[in-house]
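# What the coordinates show
Here is how the chains run, residue by residue.
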Amino acid sequence: MAPTDESPRGGETRPRRNRRHRRRQRDDDETGVDAWLDATVYFGLGQHLLLALPMLWVTFMTVSTPVAVTTAAVVSLAVACLAIGALRLDAVSVGAPWHRIEDNEIGLGPDAGYGFLVRRAAYLNATLGLGTFLGARADLAGAGFLGSVVVAGGVALCAMLALPRLRAAPARTSAAAAGVYYAVSLLAVATFPGVAGLFSLSPSVALCVLAVAVAAAFDVATDRKRR
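Here goes a summary of the coordinates provided. (Residues numbered from 1 in each chain as written. Predicted model: local features only at pLDDT ≥ 70, side-chain atom pairs only at ≥ 80, totals over all residues. Heavy atoms only, no water.)

Now for the packing of helix H3 (residues 53-61) against helix H8 (residues 203-221). Direction vectors running N to C along H3 and H8 enclose 145°, while the axes themselves pass 8 Å from each other. As for the relative orientation of H3 and H8, their crossing is left-handed in sense. In contact with Pro54, Met55, Trp57, Val58 and Met61 of H3, H8 contributes Ser204, Val205, Cys208, Val209 and Val212. Its residues placed into classes, the contact of H3 with H8 shows nine nonpolar, one polar and no charged. (Axes fitted to C-alpha atoms, helices over the stretch in contact; angles between N-to-C directions. Helix = DSSP H or I, 4+ residues; strand = E, 2+ residues; numbered from the N terminus. Left-handed = near helix turned anticlockwise from the far one by under 90°. Contact = heavy atoms within 4.5 Å. Nonpolar A, V, L, I, M, F, W, Y, C, P; charged D, E, K, R; others polar.)

Here helix H6 (residues 171-190) is 20 residues long and its end C-alpha atoms lie 28 Å apart, about the 28 Å a rise of 1.5 Å per residue gives. All of the buried residues in H6 are Ser174, Ala175, Ala178, Tyr181, Tyr182, Ser185, Ala188 and Val189. What you see down the axis of H6 is that its buried residues fit within an arc of 165°, all on one side. Turned more than 90 degrees from where H6 packs its buried face, Arg172, Val180 and Leu187 sit exposed. (Expected span 1.5 Å × (residues − 1). Buried < 20%, exposed > 50% of the residue type's maximum accessible area, 1.4 Å probe, protein only. Arc of directions from axis to C-beta.)

This part is about the environment of alanine 217. Along the chain, alanine 217 falls in helix H8. A relative accessible area of 43% means that alanine 217 is categorised as partly exposed. For the pair alanine 217 and arginine 119, spaced 98 residues apart in sequence, the C-alpha to C-alpha distance is 9.4 Å.

All quantities given are derived from atomic positions and should not be read as evidence of function.
Next comes the structure, spelled out in structure tokens:
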């Protein structure tokens with residue numbers, strides 16, 4: 001019997017293909033303020049706040065230097081969201097396409113929806129952690145507010161611009177680069193003054209750092225052919 005329009009073709013039904021096409025067409029047709037708000041707030045800030053929740057919790061539980069840490073966190077978050085919006089709208093070109101989070105069908109496995117969410121979460125948490133705590137260190141070292149903004153914003157911007165190229169790189173190169181990035185980020189977080197002490201005072205902080213480490217290990221260890 002001939003396949004109907006609803007039959008799976010290549011693992012995707014026609015309604016799903018149509019919805020994806022409409023999303024693409026809508027994004028391509030939108031211009032101006034509406035498109036930027038959609039890309040930066042809905043997709044940028046929305047996914048960042050949701051997926052980077054563990055590192056956000058660590059950030060705002062680090063009360064030893066609240067102004068330095070929270071300032072750097074807000075700057076890192078804001079710059080990352082703007083960069084995500086620019087990459088989604090192709091306002092900047094980095095030589096590789098931005099992998100849209102809504103292009104994945106929900107399912108299990110490293111290349112399915114849930115696996116992709118874990119990978120994106122690992123990268124966003126690492127970026128927020130590195131930008132926040134390096135920015136806070138710059139503030140504490142005497143660079144002040146401006147130094148914190150430059151460091152935190154610079155880390156977030158470079159990380160977001162590098163992500164599409166990291167995905168497009170050969171599997172071994174991508175895994176090695178991601179592993180180094182995650183290790184540096186977690187080290188920057190764990191060695192920041194006061195964070196290690198929070199592990200015993202507030203076990204939730206230790207659990208959040210552990211969750212980020214597990215997500216990072218998943219990203220590095222799984223098949224990266226379609227990363």
